[in-house]
Amino acid sequence: MIELNYELREIDAKIFYGVKNQNFNLLKSSFPTLKITGRDAFIFAMGERETLAIFKEKLDTIVDFISRHNSITLKDVENILSLRTEEEKSLVFDQDIIVKGIHGKIIKAKTANLKKLVKEVDQKDMVFAIGPAGTGKTYTSVALAAKTLRNKEVKKIVLTRPAVEAGESLGFLPGDLKEKLDPYLQPLYDALRDMFPAEKLSSYMEKKMIEVAPLAFMRGRTLDDAFVILDEAQNTTHAQMKMFLTRMGMNAKFIITGDPSQVDLPLRQKSGLGEAMSVLKNIKEIGFVYLTDEDVVRHPVVRKIINAYSKEGRTEGEKE
């Protein structure tokens, strides 16, 4: 019988142990021949040398996982304890995983261009993600924002959209201003609910650590220590886009998403997104990622719908 003394270094021991010690209890139950105890950042185990070696390997893997994701679920621990080969381990430590959402949901970059988006955001502070509906540009951007906030790289997330559909009809909608505007921001709320448990999300929003607001509310602000996403940017005007881009403060990340083929502005109103893409294209500190129908991550038929409309649009253009 020999003893192993193991220190949990550079991770939060509370994450390791889990809620009501559920992670630690599962770990202990998987090694019934070992006598295992834990005290704060120290784990003690006693037993046969070969079994202790396997136990230490599992500890190393769990700690490595927490270091990468700053979280671990009971399901993650189960997966790690069941690993048998390096190939299985590579699946658990998939480098394309951005963040783990609620109920252990894995959120990852699913296509080559979405992986490029992740890389660009890692390397640059302002990135444009351009592409059709269903390509995951907004969802991936929100996941990146959630990861950055969890890792305490920023102090808040700000998500915004232009509410161009409102126009004169906004006044006829029932409710106060927030109730009138929330429908335009619903896709952003939906993405956030996949990233954060309901209580945590509510707490973050109450503390203004997560803000979801129409673009007009950005005027006059300087956004420091923030991860900011402008969604549906094709519906910004010249003035709105310039206003938004100049809100960028110190230690900030900006992602601008949009689909130039779905502009809802009034006729003869120029899209601020198209103009920005042209004006800013030679600034090396700004990244541009272009997604296509090949990046569609919704139902497979969505890709065919986008293709069909694209072809129809080209046909009509040729006739004109």
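Residues numbered from 1 in each chain as written. Predicted model: local features only at pLDDT ≥ 70, side-chain atom pairs only at ≥ 80, totals over all residues. Heavy atoms only, no water.

In this section: the sheet that holds strand β6 (residues 126-130). Strand order in the open sheet formed by six strands is β8-β7-β9-β10-β6-β11, with parallel pairing between adjacent strands. Single-partner strands in this sheet number two, and they are β8 (210-214) and β11 (286-290). Put simply, the sheet's adjacent strands are angled 15 degrees from each other on average, direction ignored. Across five bridges, strand β7 (residues 156-161) lies against strand β9 (residues 226-230) in parallel orientation. Across the sheet, K156 pairs through a bridge with A226, a residue of β9. (Pairing = 2+ DSSP bridges. Helix = DSSP H or I, 4+ residues; strand = E, 2+ residues; numbered from the N terminus. Axes fitted to C-alpha atoms, helices over the stretch in contact; angles between N-to-C directions.)

Right, let's talk about the environment of K207 for a bit. Inspection of the secondary structure assignment puts K207 in the loop between α9 (198-206) and β8. Note: C-alpha distance between K207 and K156 (51 residues apart in sequence) is 9.5 Å.

This brings us to the pairing of strand β10 (residues 253-258). Most of β10 is tucked away, with six of its six residues classed as buried. Both faces of β10 are covered, namely the face carrying K253, I255 and T257 and the face carrying F254, I256 and G258. Pairing analysis gives five bridges linking β6 to β10, with the strands arranged parallel. Each bridged residue has a counterpart across the sheet, and for V127 the counterpart in β10 is I255. (Buried < 20%, exposed > 50% of the residue type's maximum accessible area, 1.4 Å probe, protein only.)

Between its terminal C-alpha atoms helix α7 (residues 137-150) stretches 20 Å, which fits the 20 Å expected from 14 residues at 1.5 Å a residue. With respect to burial, α7 is a largely interior element, 11 of its 14 residues being buried. Here α7 has its buried residues at K137, T138, T140, S141, V142, A143, L144, A145, A146, T148 and L149. K152 sits one or two positions beyond α7 and adopts a positive phi of about 60 degrees. (Expected span 1.5 Å × (residues − 1).)

The next point concerns the nonpolar core. Of all hydrophobic cores here, the largest spans 34 residues; its most connected members are L159, L192, M195, F196, I210 and F227. Those residues in contact with F196 that lie beyond four places of it in its chain are I102, A146, L149, R150, I157, L201, Y204 and I210. Counting 26 residues, the second largest nonpolar core, distinct from the first, contains F16, L27, L52 and F55. (Core = buried A, V, L, I, M, F, W, Y, C linked by side-chain atoms within 4.5 Å. Contact = heavy atoms within 4.5 Å.)

Before going further, it helps to examine the sheet that holds strand β2 (residues 35-39). As summarised here, the arrangement of the three strands in space is β1-β3-β2, forming an open sheet in which the pairing is antiparallel. Edge strands, defined here as strands with exactly one partner in the open sheet, are β1 (2-7) and β2. This sheet shows a mean twist of 15 degrees between the axes of neighbouring strands, independent of strand direction. Two strands pair when backbone bridges link them, and β1 and strand β3 (residues 42-47) are joined in this way by six bridges, in the antiparallel orientation. Each bridged residue has a counterpart across the sheet, and for E3 the counterpart in β3 is M46.

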